[in-house]
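Inside the fold
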Amino acid sequence: MRGSDIFVYYGCMEVRHRRVRSFVLRTARMSQSQRTALDELYPIHGLKFPFECDLAQVFPHSVYRVVEIGFGNGEATVEIAQAHPETGFLGIEVHTPGFGQVLREIHSRDLKNLKVLRHDAVEVVAAFEPSSIDGFHIFFPDPWQKKRHHKRRLLQTAFLEQLIRALKPGGYLYIATDWEEYAYEILETLNQFSAISNPYKGWAAGLTWRPRTKFEKRGREENRPIREIFFEKRTLE
Ligand SMILES: C[S@@+](CC[C@H](N)C(=O)[O-])C[C@H]1O[C@@H](n2cnc3c(N)ncnc32)[C@H](O)[C@@H]1O
């Protein structure tokens, strides 16, 4: 897919480098009702990339604009959006079957402050204007457990840099994971950015407004500790 490739020029020669992505798109089995929800409701509650990603235009009346990356089935996403009507939320996901459930919930709850986008978040975040987003939520990103797969992890320096660039001064980055070693890696990487600060110093104390997600429930059932990471972008002096 040309959009996920990086082109580098060596003299007059164009060389294509395939970007390692944080997901593998397998042919997704969808139920008829998931398919119907996607076909009928995505045109109402879904956005198109790259034309509709200026969140100031998508949510002109919202006080804040927050983006969730990799919402899975969107169970927590709809709860958060419903509890915060003053905030416009964009949920980004690549896994198609999850859209059926989230679209049906958005529609039946008549949520005007939640839109979804089916696209690679790495490309979407790179397209955001600098200092335009009030918060990013990334709950239980794929840990890519095997060492040889670590290169697929979403939360590495280059992408974190893009998230920080897109955050408004005073905006936040909220990450939760049940994968201890990945949690340390993320915390250490974020500690190296001078543009952000950690009000909790280390792990954030479980923020009570976050509903449990599907993957959090799984992590708890398997007795893995839940690590929460919360950073704020420094305001200009
Ligand atoms: C482990 S699941 C967690 C889902 C949900 N947040 C939860 O806690 O139940 C991670 C999700 O991130 C999505 N994902 C991974 N890389 C992504 C990317 N580059 N852009 C958008 N979604 C991505 C995957 O498709 C997957 O659904």
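Just so it is clear, the structure is predicted and the values come from calculations on it, not from any experiment.

1. What about the pairing of strand E9 (residues 227–233)?
- Of all seven residues making up E9, five are buried, and the element is well covered by its neighbours.
- Across six bridges, the pairing between strand E7 (residues 167–177) and E9 is antiparallel. Looking at the pairing, Leu-173 lines up with Phe-231 of E9.

2. Digging into the site of the ligand
- Taken together, 17 residues lie near the ligand, and Ser-22, Gly-70, Glu-93, Phe-139 and Thr-213 sit nearest.
- Between the ligand and the protein, one listed contact pairs a nitrogen atom with a side-chain N or O atom of Ser-22 at 2.8 Å.
- At a separation of 2.8 Å, a nitrogen atom of the ligand approaches a polar backbone atom of Gly-70.
- Looking at side-chain class alone, the shell around the ligand contains seven nonpolar, six polar and four charged residues.

3. Focus on the nonpolar core
- Formed by 61 residues in total, the largest nonpolar core has its most connected members in Val-67, Ile-69, Phe-128, Phe-136, Leu-155, Leu-163 and Leu-190.
- The leading source of residues in this core is E7, at six residues.
- For Phe-128, the contacting residues outside a window of four places in its chain are Cys-53, Leu-55, Val-67, Leu-90, Ile-133, Phe-136, Arg-165 and Ala-166.

4. Side note on the sheet that holds strand E5 (residues 114–118)
- Pairing in this open sheet of seven strands is mixed, and the strands run E5-E4-E3-E6-E7-E9-E8 from one edge to the other. Two strands lie at the open edges of the sheet, namely E5 and strand E8 (196–197), each paired on one side alone.
- The strands touched by helix H4 (residues 97–108) are strand E4 (87–93) and E5; relative to E5, the strand with the most contacts, the crossing angle is about 160°.
- Contacts from helix H6 (residues 157–166) reach strand E3 (64–69), strand E6 (133–139), E7, E8 and E9, with the element oriented near 140° to E7.

Calculation criteria
Residues numbered from 1 in each chain as written. Predicted model: local features only at pLDDT ≥ 70, side-chain atom pairs only at ≥ 80, totals over all residues. Heavy atoms only, no water. Buried < 20%, exposed > 50% of the residue type's maximum accessible area, 1.4 Å probe, protein only. Helix = DSSP H or I, 4+ residues; strand = E, 2+ residues; numbered from the N terminus. Pairing = 2+ DSSP bridges. Near = heavy atom within 4 Å. Polar contact = N/O pair within 3.5 Å; in protein donor to acceptor, adjacent residues only side chain to side chain. Nonpolar A, V, L, I, M, F, W, Y, C, P; charged D, E, K, R; others polar. Core = buried A, V, L, I, M, F, W, Y, C linked by side-chain atoms within 4.5 Å. Contact = heavy atoms within 4.5 Å. Axes fitted to C-alpha atoms, helices over the stretch in contact; angles between N-to-C directions.

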